[in-house]
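Per-entry structural report
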Amino acid sequence: MWRRIFLYGALAVGSLMLFAALGASVYIYSLTRDLPSVEALQDYQPPVTTRVYASNGTLLGEYARERRFFVPIAFVPKLVINAFTSAEDKNFYSHPGIDPSGIMRAAVKDVFNLLEHKRLEGASTITQQVAKNFLLNSEVKFSRKIKEAVLAVRIDATYSKDKILELYLNEIFLGQNSYGVAAAALNYFGKSLDQLDIAECAFLAALPKAPSNYDPRYNKQAALERRNWVIGQMAENGYITSDQKRAAIAEPLVTQTRALGIQTEDADYFVEEVRRILYEKYGEKALYDGGLQVRSTLDARLQNFAVNALRAGLVRYDRRHGWRGAVSNLDVNGDWKDALASAGNQSGIDTWRVAVVLNFNEDNSIEIGLDDGRHGKIPFTELAWARKELPNALVGAAPTSPRQVVKPGDVVYVEPIDTDGDYGLRQVPEINGAIVAMDPHTGRVLALSGGFSFASSQFDRAMQAQRQPGSAFKPFVYAAALDHGFTPVSKIEDAPVSLPQGPGLPMWTPKNFGNKFLGLQTLRRGIELSRNLMTIRLAAAVGMKNVVPYPIRFGVYDSLTPWLSNAIGAADTTLMRLTTGYSEFVNGGKKIDATLIDRIQDRNGLNVYRHDPRLCEGCGGPWHNQQEPLLPDNREQIIDPRTAYQIVSLLEGVVQRGTGVSVRAVGKPLAGKTGTTNDSKDTWFIGFSPDLTCGVFVGFDNPRTLGRLEQGATAAAPIFRDFMKGALEDQPPTPFRVPPGIDLVPVDPHSGALVSASDASAIQEAFKAGTEPGLADQEPLDASAANANANSGNGKTVDQGTGGLY
């Protein structure tokens, strides 16, 4: 009987077990029949960070939604692999995708976790984490764990352990927007993977469990304890020695926070312009997920000179026009330190500090407090410039007491002037401007700054500001004249002129600066002294319909109305376009396209863009002392190279004897042109050496006068001068290149008359062969001739178009 009962019982239990197994099989089948294919992992292409580099390889900026740098497993150091396997899956190389022993340990812990209402542990292997991160989701459900386990077994059977680790180490989230170990190493320690030590590897391996819980910014002790636990696991698994373990645990945990975006100081405008170009060219997804590697044209050395020169020039102008007052005011009887710290440095200049005026000292200095609680003083000599600003760009008398400048509680900017606690009073200029430096032969933009500081204004005045070029436009008029029979010594009348504007409009009567007239003058003197009336007569004689194609071919405008007011720069353009146009004079009249980017590569290192599309035959082979390959010059010739050189020569005269004479201080062969518009609202200097072009613009964002005495010569030219001093400091003096077909003839610089080569005052005038004086003299053009040729009308009111002054 008992045997029968036992038999029936065994049959019943067996049946139940069979039904349970069948039920489990059906359940598992229902969960796994629609699982994604593990083959999808074969073509893994995660979002990767786009990086922008300077021409020397310095990192300038990064753009990403998920900051990630893909690293093949072959380039991941063994120390990193050992740290992660010790922390996450010590049996990784021996289990088939799931770890039964780990599951049992987790099951025991989860019994207590349930009783204590804690989150359940998953006991996931690295392979299971790959399955979850790539093919499933993160929901905490029993059904997901079954799917994860099944997929893990399939992944392990399909891929090598190295491939699985490659997927895991490049995908895992490690906090602070770091995806993958390479990005985390850079973001936390500023290092590449092969530079990490044991403690740093252990810290990164500590993060996958809960990145936010172990963020050292907020939970440093927890992060330290977790890191040290990983170090212990590495020692236990035999990856490091006991001595290495002790040394690593003793190492302090020091991390950094690395912001996304612009990575280099003072290149903000340049990098942001590159970002705009990439967005327009490739779209949002490629920019933020595509892992583009962008080699820009920026020269870090020249960028430093450009930014410093622009800022110094803007500050000089700002100081000439007075003190506008404190940034704000706070109660110095309260907690001024915290209030000051919360105000922050909005200037964008790292050497400037925010300070509060505390008191006045007996020696007329000002006692100030800094945001770190320290005190300092502003000597009275540092206040001499702080005259009260008056309307119309005028200023009051110099202060005789610090109380005329500030009062206690005033928040101001200061900058240290020595190591004894003395500071100078500073003010963020209201005036702004831009500077561009360019290789005139290729169009590569070597330096660019679109304003005083990116922190105070993101508007890029080099690329975005449309302003009147004024007299800086005049070289294009003179180029047209030289191509239509005029020579540098042809003479034009500098005298009053009135021209019709059209039916029902008053006569247009432009003026020279200072309303003075010089009478009959050569073309050279006309451009050197920037005479408006001579330029207008010249444009009328040549015909504006013949002038207009020149600035269009040079890329200064897309189109231009043939009004005489445009001959003196009434039509808006940008600093970048005007600088490019001047480059095409000094490069011999060759067409170039300005570019901020040399090359773009995709995530696989393949070139997807090159600014220079020329193919170099013979560049890829081995070097056997053979002759260097010659690349074809496929630039379009947009002007006679002889005419281009004549303009260069005339603009060299502007620097030697004309409105750009302050630039002579550089001490190298330079040429250029000032530009100042009506009421001094826009000021310019565009110039070049034989191999470097630089353009400078200075003006208010909402156009208004810079002041009655301010011109391109006073506001913009000194910035150009300071930049060129630094840029050419280590360069030998290089004369401008003279093309074939130019005859250099000694003439008097003022009258243009032929003189002896031994005459100390003589200059070598550039004539196209056969046009020297005595061979093809150009008759002087008088006012009546100019009026007769001006029948096309001006088409603009005087206020809109009086254009260039100096």
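Relevant structure appears above.
Summarised in this report is the structure supplied together with it. These numbers come from a predicted model, not from an experiment. (Residues numbered from 1 in each chain as written. Predicted model: local features only at pLDDT ≥ 70, side-chain atom pairs only at ≥ 80, totals over all residues. Heavy atoms only, no water.)

Attention shifts here to the overall build of the chain. A tally of regular secondary structure across the chain gives 25 helices and 23 strands. When burial is assessed residue by residue, the chain has 51% of its 806 residues classed as buried. For the chain, long-range pairs separated by at least 24 residues make up 71% of all intrachain contacts whose partners lie at least 6 apart in sequence. As displayed, the chain has an accessible area near 36100 Å², and 54% of this comes from carbon and sulfur atoms. (Helix = DSSP H or I, 4+ residues; strand = E, 2+ residues; numbered from the N terminus. Buried < 20%, exposed > 50% of the residue type's maximum accessible area, 1.4 Å probe, protein only. Contact = heavy atoms within 4.5 Å. Areas by Shrake-Rupley, 256 points an atom, 1.4 Å probe, with all protein chains shown as cover.)

So, about empty space enclosed by the protein. Scanning the entire structure with this criterion turns up two cavities of 30 Å³ or more. Empty space within the largest cavity amounts to approximately 70 Å³. In this structure, the largest cavity is lined by 14 residues; those nearest its centre are D266, D268, Y269, R311 and S449. At the level of elements, α11 (268-282), α13 (300-320) and β14 (445-449) are the ones that each hand at least two residues to the lining of the largest cavity. Class assignment for the residues of the lining of the largest cavity results in seven nonpolar, four polar and three charged. Residue lining of the second largest cavity: V315, D318, R319, W352, W385, R426 and Q427, and that is the complete set. It is α13 that contributes the most residues to the lining of the second largest cavity, three residues altogether. Each residue belonging to the lining of the second largest cavity can be placed in one class, and the counts come to three nonpolar, one polar and three charged. (1 Å grid on protein atoms, 1.4 Å probe; cavity = no way out; pocket = protein on both sides within 12 Å on 5 of 7 lines; lining within 4 Å. Points joined across faces, edges and corners; volume = space filled by probe spheres on them. Nonpolar A, V, L, I, M, F, W, Y, C, P; charged D, E, K, R; others polar.)

Within a regular strand, side chains alternate between the sheet's two faces. Most of β14 sits inside the fold, with five of its five residues counted as buried. What sits between the antiparallel neighbours strand β13 (residues 432-438) and β14 is a turn of six residues, in which G443 has the positive phi angle 85°. (Pairing = 2+ DSSP bridges.)

Here the focus is the layout of surface pockets. Sizing a probe to match a water molecule and rolling it over the atoms shows the empty space that remains. The space that makes up the second largest pocket amounts to roughly 460 Å³. Considering the residues around the second largest pocket, the lining is formed by 17 residues, among which T442, H611, D612, N634 and R635 are closest to the centre. Of the residues assigned to the lining of the second largest pocket, the class counts are two nonpolar, four polar and 11 charged.

With antiparallel pairing, five strands are arranged side by side in an open sheet as β14-β13-β21-β20-β19. Whereas interior strands pair on both sides, the edge strands pair on one side only; in this sheet they are β14 and β19 (671-676). This sheet shows a mean twist of 5° between the axes of neighbouring strands, independent of strand direction. Where α13 meets the sheet, it contacts β13, β14 and β21 (692-699), and its direction lies at approximately 30° from that of β14. Sheet strands touched by helix α21 (residues 641-657): β19 and β20 (682-689). Its angle to β19, the strand with the most contacts, is close to 70°. (Axes fitted to C-alpha atoms, helices over the stretch in contact; angles between N-to-C directions.)

Moving on: helix α7 (residues 181-189). Within α7, nine of the nine residues are buried, which leaves the element mostly enclosed by the surrounding structure. Of all the positions in α7, only V181, A182, A183, A184, A185, L186, N187, Y188 and F189 are classed as buried. Tucked inside the fold, the buried residues of α7 contact β1 (50-53), β2 (59-63), α2 (78-88), α6 (161-171) and α8 (198-206). At the exit of α7 stands G190, carrying a positive phi of roughly 65°.

The backbone phi angle of D679 is positive, close to 60°, even though this residue is not glycine. Residue S680 is not a glycine yet carries a positive backbone phi of 55°. In this structure, S680 sits in the loop between β19 and β20.

All right, on to the pattern of salt bridges then. Under the defined criterion, the tally for this structure stands at 47 salt bridges. Between R320 and E710 there is a salt bridge; the shortest N-O distance is 3.0 Å. Residue R320 is found in helix α13, and its partner E710 is found in the loop between β21 and α22 (712-715); the two are separated by 390 residues along the sequence. Judged by relative accessible area, E710 falls into the buried class, the value being 6%. In this structure, D494 engages R531 in a salt bridge whose closest nitrogen and oxygen atoms are separated by 2.9 Å. Of this pair, D494 sits in strand β15 (residues 491-494) while R531 sits in the loop between α16 (523-528) and α17 (532-542); the two residues are 37 residues apart in sequence, bridging distant segments of the chain. By relative accessible area, D494 is classed as buried at 1%. For R531, a relative accessible area of 4% corresponds to the buried category. What you see here is one network of salt bridges that share partners, running through R524, R525, E528, R657 and E765. (Salt bridge = Lys/Arg side-chain N within 4 Å of Asp/Glu carboxyl O.)

Take the side chain of D410 next. Within the secondary structure, D410 sits in strand β11 (residues 410-416). Note on D410: relative accessible area 5%, which makes it buried. Reaching out from D410, the side chain makes a polar contact with the backbone nitrogen of K407 at a distance of 3.0 Å. Sequence-distant contacts of D410, defined by excluding residues within four places in its chain, comprise A326, S328, N329, A355, V356 and V357. (Polar contact = N/O pair within 3.5 Å; in protein donor to acceptor, adjacent residues only side chain to side chain.)

Two elements in contact, α2 and α6, have axes whose closest approach is 12 Å; the angle formed by their N-to-C orientations is 85°. Looking at the two axes, α2 sits roughly perpendicular to α6. Taking contact as the criterion, the partners of I81, F84 and E88 in α2 are, on α6, L165, Y168 and L169. Its residues placed into classes, the contact of α2 with α6 shows five nonpolar, no polar and one charged. (Parallel < 35°, antiparallel > 145°, perpendicular 65-115°, else oblique.)

Between its terminal C-alpha atoms helix α20 (residues 575-586) stretches 17 Å, which fits the 16 Å expected from 12 residues at 1.5 Å a residue. Burial within α20 is extensive, with 11 of its 12 residues counted as buried. One or two steps after α20, the chain reaches G588, where phi turns positive at roughly 90°. (Expected span 1.5 Å × (residues − 1).)

Below, the discussion takes up the packing of aromatic side chains. Evaluated as defined, the whole model comprises 21 aromatic pairs. Each ring, one from Y188 and one from F203, has its centre 5.3 Å from the other, and the planes form 80°; the classification is edge-to-face. Highlighted residues: Y188 in helix α7 and F203 in helix α8, separated in sequence by 15 residues. Of the two residues, Y188 and F203, both sit in the buried class. Each ring, one from W684 and one from F697, has its centre 5.0 Å from the other, and the planes form 55°; the classification is tilted. Here W684, found in strand β20, pairs with F697, found in strand β21; they are 13 residues apart in sequence, far enough to count as distant. (Phe/Tyr/Trp six-rings, centres within 6.5 Å; stacked < 30°, edge-to-face > 60°.)

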